[in-house]
Amino acid sequence: MFFDSDLFLAALGALTPILLAALGGAVCERAGVFNIALEGTMLMGCFTAVAVSWFTGSPWLGVLVAALAAAAYSLILAVGAVTFKGDAVVLGVAMNLLAVGLTGFLLRTVFGVRGTFDDPGLKGLGAIDIPVVQDIPFLGSVLSGHTGLTYLSWITVAVAAVLLSRHPWGLRLRGVGESPDAAATLGVSPVKYKYAAVLVSGALCGLAGAQLALGSVTLFTEDMTAGRGWIAVVAVMLGRALPVGVLLAGLLFGIAEATGFRLQGLGLPQQATDAAPYVVTLIALFLTTAERRRRTRARTPARTQPHAGVTEA
């Protein structure tokens, strides 16, 4: 069968880095900072996780340092966009380009290799089998056997949903994003909340990069994020910066990526299967844009026509 448990297992694995990065983008979006630097921040997390894991022998220490390093890297966006009121889009593009060049330079400097670093001594994140759940037919083979970061991403969705809708911190964050001047009059510092949102976003992107480099594979290659950060940006837009919406959008792309790998195994060219997630992204953007325009026209009141026999002045 084409749609078997292995396909959905792979889809959930492909979902994890996209979901973590998209949740970070959603937090920034709620704070009023449009973060398109997810791609570059993820890439910094990839390299840091591999480097720390290789030098220390501890993949989980690599995960922790990757989150901290990515959060520190995201300070570029915080300082530029929040403190100096710069264009967040321009800063995001610059951060993405900087990450590609910086990680390529560090790859040659630290490991003395070009292109890819793959060493037998590099330890990755192991899969976790959930007792009882793993024994459930079909469902157990789909939900069990993932890395700890995959399960953490699911928990993060629930925590983010509660924080943004129920907790005072999340409500203030949304207020800062919707009306910073009004929030300031109530004693809420927009700068502090925007900085916090960007740092949280950076940490989540670092976790996404660690999952990609130590969970999905156990290596680092130049530009290994391969557009997943941009897919995360689209997931934020499709999910309207809502945690559950972001999860559903990311799941769509995860299934598309897993389906591409399955089709590649059936003999389709690699170039065609690699394009599957991006084709789905374009189709989803097109359909979403068309639906929003339809709703906008539906909400716009029709122009009243002059009554018969009445001439306009």
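As shown above, the structure is provided for reference.
Now for a description of the structure that goes with this document.

How each quantity is defined
- Residues numbered from 1 in each chain as written.
- Predicted model: local features only at pLDDT ≥ 70, side-chain atom pairs only at ≥ 80, totals over all residues.
- Heavy atoms only, no water.
- Helix = DSSP H or I, 4+ residues; strand = E, 2+ residues; numbered from the N terminus.
- Rg over C-alpha atoms; globule rule 2.2 N^0.38 Å.
- Contact = heavy atoms within 4.5 Å.
- Areas by Shrake-Rupley, 256 points an atom, 1.4 Å probe, with all protein chains shown as cover.
- Lys, Arg positive; Asp, Glu negative; His and termini not counted.
- Charge placed at Lys NZ, Arg CZ, Asp CG, Glu CD.
- Phe/Tyr/Trp six-rings, centres within 6.5 Å; stacked < 30°, edge-to-face > 60°.
- Buried < 20%, exposed > 50% of the residue type's maximum accessible area, 1.4 Å probe, protein only.
- Core = buried A, V, L, I, M, F, W, Y, C linked by side-chain atoms within 4.5 Å.

## Observations concerning the overall build of the protein
Right, so step 1: Looking only at helices and strands, the protein has 14 helices and 2 strands in total.
Right, so step 2: Scaling as 2.2 N^0.38, a compact globule of 313 residues should have a C-alpha radius of gyration of about 20 Å, and the protein matches this with 22 Å.
Right, so step 3: When the backbone C-alpha atoms are referred to their principal axes, the protein occupies close to 85 × 50 × 40 Å.
Right, so step 4: For the protein, long-range pairs separated by at least 24 residues make up 74% of all intrachain contacts whose partners lie at least 6 apart in sequence.
Right, so step 5: Accessible surface for the protein amounts to roughly 15700 Å². Of this, 67% is attributable to carbon and sulfur atoms.
Right, so step 6: Here the protein holds 20 positive side-chain charges and 17 negative ones, and the gap between their average locations is 12 Å.

## Some details on the packing of aromatic side chains
Ring pairs (aromatic) are described by centroid distance and by the angle formed between their planes.
Right, so step 1: Per the counting criterion, the structure on display carries 10 aromatic pairs.
Right, so step 2: Both rings, one in Trp54 and one in Phe117, keep their centres 5.5 Å apart while their planes meet at 90°; by these two values the pair is edge-to-face. One end of the pair, Trp54, is in helix α2 (residues 38–56); the other, Phe117, is in strand β1 (residues 116–117), and 63 residues separate them in sequence.
Right, so step 3: Residue Trp54 is classed as partly exposed on the basis of its relative accessible area of 32%.
Right, so step 4: Since its relative accessible area comes to 7%, Phe117 is described here as buried.
Right, so step 5: Among the aromatic residues, those joined into a ring-pair cluster are Phe47, Trp54, Phe55, Phe111, Phe117 and Phe220.

## So, the nonpolar core
Right, so step 1: Formed by 65 residues in total, the largest nonpolar core has its most connected members in Val50, Leu77, Leu207, Phe220, Met224 and Phe253.
Right, so step 2: Not counting the four nearest positions on each side in its chain, Leu207 is found in contact with Leu20, Val63, Ala67, Leu149 and Leu152.
Right, so step 3: Core analysis: the next-biggest nonpolar cluster, separate from the first, contains 9 residues, Leu164, Leu173, Val176 and Ala183 among them.

## Description of the environment of Val188
Right, so step 1: The residue Val188 is located in the loop between α9 (180–185) and α10 (190–216) in this model.
Right, so step 2: Among the residues examined, Val188 registers a relative accessible area of 15% and is labelled buried.
Right, so step 3: Once the C-alpha coordinates of Val188 and Arg228 are considered, the two residues, 40 residues apart in sequence, prove to be 34 Å apart.
Right, so step 4: Those residues in contact with Val188 that sit more than four places away from it in its chain are Arg172, Val176, Ala183 and Tyr193.

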